[in-house]
There are 8 protein chains.
Amino acid sequence: MAGRVAIIMGSDSDYPVMKGAEEVLEQFGIEVIVDIVSAHRTPDKMFEFARTAHTQGIEVIIAGAGGAAHLPGMVASITPLPVIGVPVNITPLQGLDALFSIVQMPKGVPVATVAINNAANAGLLAVRILAVKYPELLDEMIAYQQELKELVRQKAIRLKEIRGK
Amino acid sequence: MAGRVAIIMGSDSDYPVMKGAEEVLEQFGIEVIVDIVSAHRTPDKMFEFARTAHTQGIEVIIAGAGGAAHLPGMVASITPLPVIGVPVNITPLQGLDALFSIVQMPKGVPVATVAINNAANAGLLAVRILAVKYPELLDEMIAYQQELKELVRQKAIRLKEIRGK
Amino acid sequence: MAGRVAIIMGSDSDYPVMKGAEEVLEQFGIEVIVDIVSAHRTPDKMFEFARTAHTQGIEVIIAGAGGAAHLPGMVASITPLPVIGVPVNITPLQGLDALFSIVQMPKGVPVATVAINNAANAGLLAVRILAVKYPELLDEMIAYQQELKELVRQKAIRLKEIRGK
Amino acid sequence: MAGRVAIIMGSDSDYPVMKGAEEVLEQFGIEVIVDIVSAHRTPDKMFEFARTAHTQGIEVIIAGAGGAAHLPGMVASITPLPVIGVPVNITPLQGLDALFSIVQMPKGVPVATVAINNAANAGLLAVRILAVKYPELLDEMIAYQQELKELVRQKAIRLKEIRGK
Amino acid sequence: MAGRVAIIMGSDSDYPVMKGAEEVLEQFGIEVIVDIVSAHRTPDKMFEFARTAHTQGIEVIIAGAGGAAHLPGMVASITPLPVIGVPVNITPLQGLDALFSIVQMPKGVPVATVAINNAANAGLLAVRILAVKYPELLDEMIAYQQELKELVRQKAIRLKEIRGK
Amino acid sequence: MAGRVAIIMGSDSDYPVMKGAEEVLEQFGIEVIVDIVSAHRTPDKMFEFARTAHTQGIEVIIAGAGGAAHLPGMVASITPLPVIGVPVNITPLQGLDALFSIVQMPKGVPVATVAINNAANAGLLAVRILAVKYPELLDEMIAYQQELKELVRQKAIRLKEIRGK
Amino acid sequence: MAGRVAIIMGSDSDYPVMKGAEEVLEQFGIEVIVDIVSAHRTPDKMFEFARTAHTQGIEVIIAGAGGAAHLPGMVASITPLPVIGVPVNITPLQGLDALFSIVQMPKGVPVATVAINNAANAGLLAVRILAVKYPELLDEMIAYQQELKELVRQKAIRLKEIRGK
Amino acid sequence: MAGRVAIIMGSDSDYPVMKGAEEVLEQFGIEVIVDIVSAHRTPDKMFEFARTAHTQGIEVIIAGAGGAAHLPGMVASITPLPVIGVPVNITPLQGLDALFSIVQMPKGVPVATVAINNAANAGLLAVRILAVKYPELLDEMIAYQQELKELVRQKAIRLKEIRGK
């Protein structure tokens, strides 16, 4: 098995969104650690997690959060690992608050931000990052991209059937 | 002298905005501590500051930040003191990113948010908070509000002069 | 019992949101006064309330309003007490109109704004403000912050059960 | 002279924008009263003004304000007269905060809102409102609309000259 | 009966929103004309309506529209009467498109814009405008504002019952 | 010479933006008519223009407008010709008001909207539309697209020079 | 039969929206080709489609996409044909992301953008474009515009019945 | 030397922003390739680049673009490598259009998005990604994070000097 990724989120209510990342990573045979770590409710745990992650074999961190979403940025400020942020849509502002809170990081501390609620893409980005190190993952990503094409081909056929033409 | 307030900000480039709070607090005779504390660049210092502030006589914390502005919310998650957040306009998004990052805190950790770049109001809010404890500040706030009225009265006279009517 | 907080709102239809503040305050043993006071429909009552609040033992005011939300700012312009504003989401603009109307106050009159619909945080902010005066509340706030951590710990366990791993 | 209009604003710094309304009204021979009345800094004066305006021959009120712009809505909640609101662009949010604060009034208290910084249109709207009562103003408005056409005709000629074709 | 107001809208699907204006006007005993007039689908009818409205006893026009809402502004460019615009929320942009299309009129042609979907306020604004001419309407508006206060008083009582305190 | 396009705008102040369309069209040898036609200030002229354009050999209409930008949509509602709308940035809302006013047209009346202030693209879109009819324009468009590539190739060389590598 | 239009979209889930274009085009007797072509999942197919469309008798391309909607712009960068873009509302950002991704194209590559989810208007715009070449379509468009008027006339009658007046 | 990163952008006018990434990468001793590749003006070159990048030793791609910014997403759809997107502020919409066009990618094709105009963070993110493979870069990133702390410490001293306290 190649690669080890931690998926963290502020609350178990984020899990229905965040499991999209977990499913992708497992599909690629990557080891996944999932935990609840809240920047606001468990700052100590967050600190401890971020400070030690790279010493425990974790290679990429995926962090999901909504509203004033500080978890991805705070973790990125402490760990030297690449951190992927998933803005989660949990307030009336439709995820725009989470997006701005995650992506607009100041010079010095980057967060690799993906689309609102799109945890699957966070998983795929982690795969691409790990593929820099593990050549077999690069091949699997190329294969995955081929499957996407096949999927669209099938959708095109299904559409023709729907339209009856 | 009644009350002790800490003003923190992520960078010295925020000081031209944040000194608006300092000036107000000094005008009311409140002791002010000013420091650079960056959530993203000095997470340890931020943690240490937030963990010990209430043990060092600090009664209110004012935190200014721009972009993905995590300083006010992170400090509020660690300290039990009231934290006032000032969104600072430093990105092309005109301070809207800072506003959302500061005000949209999740249940459990409030930040008392004021208007974009309006550090003076953060200072005045700190005065009102301290006035709950120090009765003389309540009187001074009432006096200040009277002065605002007088100021408007003078502006009305000046306007008449400008219009020459 | 320590502290006395008034919670006001423009309409009884705001109560399902605003009772979040009431519940928090009662949990901390703080005396709560709740009333309907509309800046737009009962300007006289609003004026009278704001002018006399600090003379009747009220120490913090929480005001909730939606749309062109003037109640928090108008009350803050009359009372010398700290005013906490809760933007309530009642229009198609998703609370953004209420947020801007409450937070963007001009220099001289601050409103301590919390997240859209997040009345619980308004209650917690009032507790922190009162804790400046009442030391027992500071201890209770520290205890509350510990409970938040415990809550997250339990959520982390629950998540593990859900994931069956 | 037909009609009497009051133009109020929160600060003399709003006058460069608001004089656009004054100029239009004078052009139509309407009596204009201009004053500084701040909802937030002089709430008593604002109340007194709004309560008595209709008893002093004022027929329409134009109110300009920026940021959390409460003046037009608060005056409208007290006076029975038509109130025209001018959102003034004075914050980093480009007048969007003022627009939302003025236009999104709750059921019961309307404010006739015009474009951001467009005080001239507030003046013209006041003329149209007064023209309901004063027939000569209706004729003058029709004449003004003819002049606009002539103006465009001249611009079209000028454009041809610029293009040299 | 004092006053005559036309309510127009682009489609019968706008009627559930726009009847809010009709109900208010009938409550004040004002004559109401309601018609479907679409700027985009019936430009000739719109032109004809706008050109002749003031010659047929109509004193105020209320126009509701959604999306790229051109009806209020186009009618205002042709008629000399005061035009009140109601932005109707009919697209995924939540009425923001309609609001901008109605309120941001260029210098020369004002539209008195009210809140998104708030046709009732358009009706009340029409009443205030007519009250400039018809003194009995001014008295009725003052009475209406008193009723609003009474309504809030009753809501305050109801709230006490709900809270059981 | 193949094709005839009319470029209209509400004011001569829009010309510095709109001449971008004119320059492109002349570059492709297309006949251009330029005129000031304001939906709001000259509704009759606008009507007359839109009603007769297709009878006078005009094949495509380009209309530029800012703020509550009604010109493109109103012209499109009257003419059967394709109408291209250019949102012009002339208000504090940065062209977002013009974009929404032009693009969000209701079912039945399309406006082909291009980017804010991007009149050159309006010209290029007109060329592509005319190329459906005039085969020589299709060849010229293909040639133009080749030139774009050459332009980028030269920029890549220049960049290497700047970087000195 | 006059004219040939291709309708493409990134996924069969876009078809419920995009068939609005197909219905309009069939109503006008225009030949329609419908296919799934994803810029992101089948970039090769997209390239091939865009490169050859004009050689296969296609005269106009309609492309629908949501989120980071690259399909219309990418196709427009390769084909010399006019491309009409339909922003589809599929993310929490309500179609605003798709609108910006489609309309804000750089100088050189125009996309004729219509309203969010308004595929019917994309169809009507294609008809107007084809009508530049095929005179019979111009007559049919004029007839269609007459029908819109008749539709509104009937709606006006229905509204009178609903109101019972 | 460890690692090889390509920085691409649509125009040489993006270089003043994008060189922020180059400077960071050179500081870390990483090999950098810089080129102009425009999704819209040179789609073939973009395709060729994206298809072959991973076969030429490139390990991470940084792509900057403004407006309807398709370059990062299109490259990511073709290459299996991790792609970092930099939204560049070049339109009146302040970079919000570029941000949405880059970050809101559909499921299957992730782009690691950083803050508007923040190319330095794109460089730092590339370093973190490469550090997954090259352990020496992990140490250098940890050292860099220490330097950030030292920088803030010096700023804190400078601030004290400015304040003269």
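Everything in this summary refers to the structure shown in the same document. Predicted model, so just to flag it, every value in this text is computed and none were measured.

### Some points on the pattern of salt bridges
For the structure shown, the criterion picks out 72 salt bridges over all chains. A salt bridge links Arg158(B) to Asp12(D), with the shortest nitrogen-to-oxygen separation between them at 3.0 Å. Taken together, the residues Arg158(B) in helix α6 (residues 135–163) and Asp12(D) in the loop between β1 (4–9) and α1 (15–27) connect one chain to another. In this structure, Arg51(D) engages Asp44(C) in a salt bridge whose closest nitrogen and oxygen atoms are separated by 3.1 Å. Placement of the pair is Arg51(D) in helix α2 (residues 43–52) and Asp44(C) in helix α2 (residues 43–52), with the two residues belonging to separate chains. Under the relative-accessibility criterion, Arg51(D) is labelled partly exposed at 39%.

### Comments concerning the packing of helix α5 (residues 119–133) of chain F against helix α6 (residues 135–163) of chain F
Helix-helix packing is characterised by the crossing angle of the two axes and by the distance between the axes. Residues and elements named next belong to chain F. Where α5 contacts α6, the two axes come as close as 6 Å, and the packing angle between them is 140°. Overall, the two elements α5 and α6 adopt an arrangement that is oblique. The element α5 and its partner α6 pack so that their crossing is left-handed. Facing Leu124, Val127, Arg128, Leu130, Ala131 and Lys133 of α5, the residues of α6 in contact are Pro135, Leu137, Leu138, Met141, Tyr144 and Gln145. Here the contact of α5 with α6 is composed, by residue class, of 9 nonpolar, 1 polar and 2 charged.

### Quick look at the relation of the copies chain B and chain A
Aligned on chain A, chain B shows an RMSD of 0.0 Å; the corresponding rotation is 180° and the shift along the axis is 0.0 Å. Such a turn and shift between the copies fits a two-fold axis. For chain B, the minimum C-alpha distance to the rotation axis belongs to Ser101(B) and amounts to 2.4 Å. Of the interface residues in chain B, 100% have counterparts in chain A that sit at the interface too, so the contact is made through matching surfaces.

### A closer look at helix α4 (residues 96–103) of chain D
Turn by turn, an α-helix covers 3.6 residues, leaving residues three or four places apart pointing in a common direction. Buried residues dominate α4(D), accounting for 8 of its 8 residues. Among all positions in α4(D), only Leu96(D), Asp97(D), Ala98(D), Leu99(D), Phe100(D), Ser101(D), Ile102(D) and Val103(D) are buried.

### Structural notes on the packing of aromatic side chains
Taken as a whole, this structure holds 16 aromatic pairs over all chains when the rule is applied. Aromatic side chains Phe100(A) and Phe100(B) sit 5.9 Å apart centroid to centroid with 15° between the ring planes, which places their arrangement in the stacked category. In this pair, Phe100(A) is assigned in helix α4 (residues 96–103) and Phe100(B) in helix α4 (residues 96–103), connecting two distinct chains. Residue classification places Phe100(B) among the buried residues on the basis of a relative accessible area of 1%.

### Structural notes on the interface of chain B and chain A
On the side of chain A, 27 residues touch chain B, which itself brings 27 residues to the contact. Approximately 2200 Å² of surface area, both sides summed, lies buried where chain B meets chain A, with 67% of it carried by carbon and sulfur atoms. By the criterion of area lost to chain A, the three top residues of chain B are His40(B), Phe100(B) and Gln104(B), representing 26% of everything that side buries. Applying the counting rule to chain B against chain A returns 11 residue pairs in polar contact (both at pLDDT 80 or more). Looking at the side of chain B that touches chain A element by element, the count peaks at 5 residues for helix α2 (residues 43–52) of chain B. Residue classes in the side of chain B that touches chain A are distributed as 14 nonpolar, 8 polar and 5 charged.

### Here we look at unusual backbone geometry
Positive phi outside glycine occurs at Gln94(D), with the angle close to 65°. Position of Gln94(D) relative to the elements: it lies in the loop between β4 (83–88) and α4.

### Details of the relation of the copies chain H and chain A
Mapping chain H onto chain A leaves a residual RMSD of 0.0 Å; the transformation is a rotation of 180° accompanied by 0.0 Å of translation along its axis. Take the interface residues of chain H: 100% of them recur as interface residues in chain A, which is what a same-surface contact looks like.

### Thoughts on the interface of chain H and chain A
Counting residues at the interface gives 43 residues for chain H and 43 residues for chain A. The junction of chain H with chain A conceals about 3400 Å² of combined surface from both sides, 65% of it contributed by carbon and sulfur atoms. The three residues of chain H that bury the most area against chain A are Pro110(H), Arg128(H) and Val132(H), which together make up 19% of that side's buried surface. Our enumeration of links across chain H and chain A arrives at 0 salt bridges. Elements supplying a minimum of two residues to the side of chain H that touches chain A: α3 (71–78), α4 (96–103), β5 (112–113), α5 (119–133) and α6 (135–163) of chain H. Residue composition of the side of chain H that touches chain A, grouped by class: 30 nonpolar, 9 polar and 4 charged.

### Here's the deal with the packing of α4(D) against helix α4 (residues 96–103) of chain E
Their axes nearest at 13 Å, the elements α4(D) and α4(E) cross at an angle of 95°. With respect to α4(E), the element α4(D) is oriented roughly perpendicular. The segment α4(D) lies against α4(E), with Leu96(D), Leu99(D), Phe100(D) and Val103(D) engaging Leu96(E), Leu99(E), Phe100(E) and Val103(E). When grouped by side-chain class, the residues that make up the contact of α4(D) with α4(E) number 8 nonpolar, no polar and no charged.

### Focus: the pairing of strand β3 (residues 60–66) of chain C
The side chains of a regular strand alternate, first on one face of the sheet and then on the other. All names here are of chain C. Buried residues dominate β3, accounting for 7 of its 7 residues. Residue alternation in β3 divides its side chains into two sets, Val60, Ile62, Gly64 and Gly66 and Ile61, Ala63 and Ala65, and both sets are buried. Both strand β1 (residues 4–9) and β3 contribute to a ladder of 5 bridges, which runs parallel. The residue of β3 that forms the bridge with Ile8 is Ala63. Here β3 pairs with strand β4 (residues 83–88) via 6 bridges, running parallel. Residue Ala65 lies in a different strand from β4, and its bridge partner there is Pro87. The parallel pair β3 and β4 is bridged by helix α3 (residues 71–78), and the resulting crossover is right-handed.

Rules behind the numbers
- Residues numbered from 1 in each chain as written.
- Chains lettered and ligands numbered in written order.
- Predicted model: local features only at pLDDT ≥ 70, side-chain atom pairs only at ≥ 80, totals over all residues.
- Heavy atoms only, no water.
- Salt bridge = Lys/Arg side-chain N within 4 Å of Asp/Glu carboxyl O.
- Helix = DSSP H or I, 4+ residues; strand = E, 2+ residues; numbered from the N terminus.
- Buried < 20%, exposed > 50% of the residue type's maximum accessible area, 1.4 Å probe, protein only.
- Axes fitted to C-alpha atoms, helices over the stretch in contact; angles between N-to-C directions.
- Parallel < 35°, antiparallel > 145°, perpendicular 65-115°, else oblique.
- Left-handed = near helix turned anticlockwise from the far one by under 90°.
- Contact = heavy atoms within 4.5 Å.
- Nonpolar A, V, L, I, M, F, W, Y, C, P; charged D, E, K, R; others polar.
- Least-squares fit on C-alpha atoms with pLDDT ≥ 70 in both.
- Phe/Tyr/Trp six-rings, centres within 6.5 Å; stacked < 30°, edge-to-face > 60°.
- Buried area = accessible area lost by both parts, 1.4 Å probe.
- Polar contact = N/O pair within 3.5 Å; in protein donor to acceptor, adjacent residues only side chain to side chain.
- Pairing = 2+ DSSP bridges.
- Right-handed = clockwise from strand over helix to strand, strands pointing away.

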